[in-house]
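# Residue-level structure breakdown
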Amino acid sequence: MAAAAAGGGGSSADRGSSGEEDAGGPAGESRYLAACRACGVTPASSLLRCTPGPALSLRHRGLGPRGAKALALSLMVNTSILTLDLSDNWLQGEGAAAIAEMLKENCYISAVDLSDNKLGVEGAKAFSAMLLENTTIVFLQLSGNEFDDHAAKYLADAITANSKVEILDLSYNMFGDKAGEILGTAIAENIGLKELKINWNHFHSQGAAALAKGLAANIFLKVLDVSYNGFGNSGAAALGEALKANTVLEELNVSSNRILVEGALHIAAGLKENKTLKRLNMTRNPMQSEGCRGVLKALQTNSGTGVEILDLPDFCPISNEAKWHFYDTRASTSTSSPFVNGARSEKAALCHQDIPVNKELAELCGAVKILFPNLLLRYGGNVKLERKSQLKAELLTQPKVLSF
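Residues numbered from 1 in each chain as written. Predicted model: local features only at pLDDT ≥ 70, side-chain atom pairs only at ≥ 80, totals over all residues. Heavy atoms only, no water.

## Description of the packing of helix H7 (residues 92–105) against helix H8 (residues 120–131)
For the pair H7 and H8, interaxial distance at closest approach is 8 Å and the crossing angle is 5°. If you check the angle between H7 and H8, you find them roughly parallel. Taking contact as the criterion, the partners of Gly93, Ala96, Ala97, Ile99, Ala100, Leu103 and Lys104 in H7 are, on H8, Glu122, Gly123, Ala126, Phe127, Ala129 and Met130. In terms of residue class, the contact of H7 with H8 is built from nine nonpolar, two polar and two charged. (Axes fitted to C-alpha atoms, helices over the stretch in contact; angles between N-to-C directions. Helix = DSSP H or I, 4+ residues; strand = E, 2+ residues; numbered from the N terminus. Parallel < 35°, antiparallel > 145°, perpendicular 65-115°, else oblique. Contact = heavy atoms within 4.5 Å. Nonpolar A, V, L, I, M, F, W, Y, C, P; charged D, E, K, R; others polar.)

## Notes on empty space enclosed by the protein
Taken as a whole and judged by the stated rule, the model has one cavity of 30 Å³ or more. Taken as a whole, the largest cavity encloses approximately 100 Å³ of empty space. Lining the largest cavity are Leu131, Leu140, Leu142, Leu155, Ala158, Ile159, Asn162, Val165, Leu168, Leu170, Asn190 and Leu193. With three residues, helix H9 (residues 149–161) is the single largest residue contributor to the lining of the largest cavity. (1 Å grid on protein atoms, 1.4 Å probe; cavity = no way out; pocket = protein on both sides within 12 Å on 5 of 7 lines; lining within 4 Å. Points joined across faces, edges and corners; volume = space filled by probe spheres on them.)

## Let's talk about the side chain of Asn233
Relative to the helices and strands, Asn233 resides in helix H12 (residues 232–245). The residues contacting Asn233, other than those within four sequence positions of it, are Arg258, Ile259, Leu260, Glu262, Gly263 and His266.

## Re the environment of Asn274
Position of Asn274 relative to the elements: it lies in the loop between helix H13 (261–271) and strand S9 (279–281). Note on Asn274: relative accessible area 3%, which makes it buried. For the pair formed by Asn274 and Asn302, sequence separation is 28 residues and the distance between their alpha carbons is 8.1 Å. With near-sequence residues (within four places) excluded, Asn274 lies in contact with Leu243, Asn246, Asn302 and Thr305. Polar side-chain contacts of Asn274 include one of 2.9 Å to the backbone nitrogen of Thr276. (Buried < 20%, exposed > 50% of the residue type's maximum accessible area, 1.4 Å probe, protein only. Polar contact = N/O pair within 3.5 Å; in protein donor to acceptor, adjacent residues only side chain to side chain.)

## Focus on the environment of Tyr172
In this structure, Tyr172 sits in the loop between strand S5 (167–169) and helix H10 (177–189). Take Tyr172: its relative accessible area is 16%, and that puts it in the buried class. Counting along the chain gives 56 residues from Tyr172 to Tyr228, while the straight-line C-alpha distance between them is 9.4 Å.

## Points about the packing of H12 against H13
Packing of H12 against H13 brings their axes to within 7 Å, and their N-to-C directions diverge by 5°. For the element pair H12 / H13, the angle class is roughly parallel. Of the residues in H13, those in contact with Asn233, Ala236, Ala237, Gly240, Leu243 and Lys244 of H12 are Glu262, Gly263, His266, Ile267, Ala269, Gly270 and Leu271. Among the residues forming the contact of H12 with H13, the class breakdown is six nonpolar, five polar and two charged.

## Comments concerning the packing of aromatic side chains
Where two aromatic rings form a pair, the distance of their centres and the angle of their planes describe that pair. Applying the stated rule across the entire model yields four aromatic pairs. Geometrically, the ring pair formed by Trp200 and Tyr228 is stacked, given 4.3 Å between the ring centres and 5° between the ring planes. Separated by 28 residues along the polypeptide, Trp200 in the loop between strand S6 (195–197) and helix H11 (205–217) and Tyr228 in the loop between strand S7 (223–225) and H12 bring together distant segments of the chain. Looking at Trp200, the relative accessible area reads 26%, which means it is partly exposed. Using a relative accessible area of 16% as the deciding quantity, one classes Tyr228 as buried. Within the aromatic cluster, the residues linked to one another by ring pairs are Phe147, Phe175 and Phe203. (Phe/Tyr/Trp six-rings, centres within 6.5 Å; stacked < 30°, edge-to-face > 60°.)

## Quick look at a nonpolar patch on the surface
Together, Ile191, Ile219 and Phe220 line one region of the surface with nonpolar side chains, adding up to about 290 Å² of accessible area. Its location among the elements puts Phe220 in the loop between H11 and S7. According to the relative accessible area criterion, Phe220 is partly exposed, its value standing at 33%. (Patch = residues over 30% accessible without salt bridge, like charges linked within 9 Å, V, L, I, M, F, W, Y side chains within 5 Å. Areas by Shrake-Rupley, 256 points an atom, 1.4 Å probe, with all protein chains shown as cover. Salt bridge = Lys/Arg side-chain N within 4 Å of Asp/Glu carboxyl O.)

## Notes on the state of the cysteines
Taken as a whole, this structure holds zero disulfides when the rule is applied. Not part of a disulfide, Cys39 finds its nearest cysteine sulfur in Cys36, a span of 7.3 Å. Of all cysteine sulfurs, the one in Cys365 lies closest to Cys292, which takes part in no disulfide; the gap is 7.9 Å. (Disulfide = S-S within 2.5 Å.)

## Examining helix H6 (residues 64–75)
For H6, spanning twelve residues, the distance from its first C-alpha to its last is 16 Å, which sits close to the expected 16 Å at 1.5 Å a residue. Across the twelve residues of H6, nine count as buried, placing the element largely inside the fold. Residues of H6 that are buried include every one of Gly64, Pro65, Gly67, Ala68, Ala70, Leu71, Ala72, Ser74 and Leu75, and no others. (Expected span 1.5 Å × (residues − 1).)

These results come straight from atomic positions and should not be treated as a statement about function.
The structure is reproduced here in C-alpha cells:
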C-alpha cells in the first residue's frame, strides 16, 4: 500500500512551480495524473498537497520503478524544481533509466540524490549516458547503490567526459581494486569535480594506489574522502606521492584505512612538500605514536604548510605502572570503580585515572602549536554509527582538541 500511495510522486515537483502553467496549477496536476494513469500507479494525495518550492524531496516513499516513471514524465518539462531527492525508493535500474531520460530533457534540475536505490549496473549505465548529455547537474549523490567493478566502467566514462558535476558521492558501494584502477584513470582526466566521496568501499592496496595516482594528476579536486577502505601502507605510499605533486587538494580523509607506521610516514613525506592541503583526517588508523610523530615533524619542517585542521588517532600509550593500576582497579568491588558490572573497558579505566600521553609526543604537539598557532590539532574522538537506511551508516565524530 505504501508503494502504491507514493507511486506517482511527481506532482509535488509540479506543485513546486512558481507559475500556474508550469506545475502548481491545473496544467501541472493534469500532467502528473496522466502520467500515473499511463504507468498504472495510484496518485499520491500527500504529494498533491505538498508546499510549492524549488526542492522536491520524496525520500523513503517506496516509489519503485513504475512510480519513478510517472514522476519522470511529470518532471520532463518542469522548470521550477532545482533539487530532486529520491533516496531510498527501491528504484532499481529500471527506475533509474526513467529518471535519467528525464534529466536528459530537463535543464533546470541541478542537484540529484538517488542514494540507496539498488541501481546496480543498469542504473550506472543509464546515469552515465545521461551525464554525457546533461550540462546542468552540479551535485549528484549515488551512494549505497550496489555499484561494483562492472558499474565502475560506465561511471568512469561519465567522470571522464562530464565537466559540469562538481560534487559526486559514490560512497557505500561495492567498488573493488579493479574499480579503483578504472576510476583512478577517470579522476586523472576529469576537469570539473571539486568534491569526491568514495568512502565505505573495498579499495585495497592495488586499487588504492591507482586512485592516488589519479589524484596526483588531477588539478581541480579540492575535497577527497576515501575513509573506511583498506588503503594500507601501499595505498598510503601512493597518497604520499600524490600530495607531493598535487597543488589543489584542500581536504583529505583517510581515516580507517589500516594505515600503519610505515604508511603514516609515507603520507608525512608528502606533507613535507605540500602547500595547499588544509585539512587532514587520519583517525582510526593503527599508526601508533611513531606515525603521529612523523606527521607532526613533517608539518614542523614545512614552513609553507597550509594545514589548518589535523585529526590524528588516539595516541595514549599504556605504561607498565598504568597497567598494574588497571588490574587493581578491575579487582576492586567498590561502587566507585569504573568497572562496576564490567561495563567499562580497559581504556576507560585508564582515561578515568587521567594517564598522561607520551611525553615526547606531547612536547612535539606543543612545539607544532607554537609554530602554527592557528592549527587545530585533534586526536581520537567519540565515534557513533547510526543507521541511515537498510545498508548505510553515517559516521558522526566529536574529536578531542589538544591543549597544552
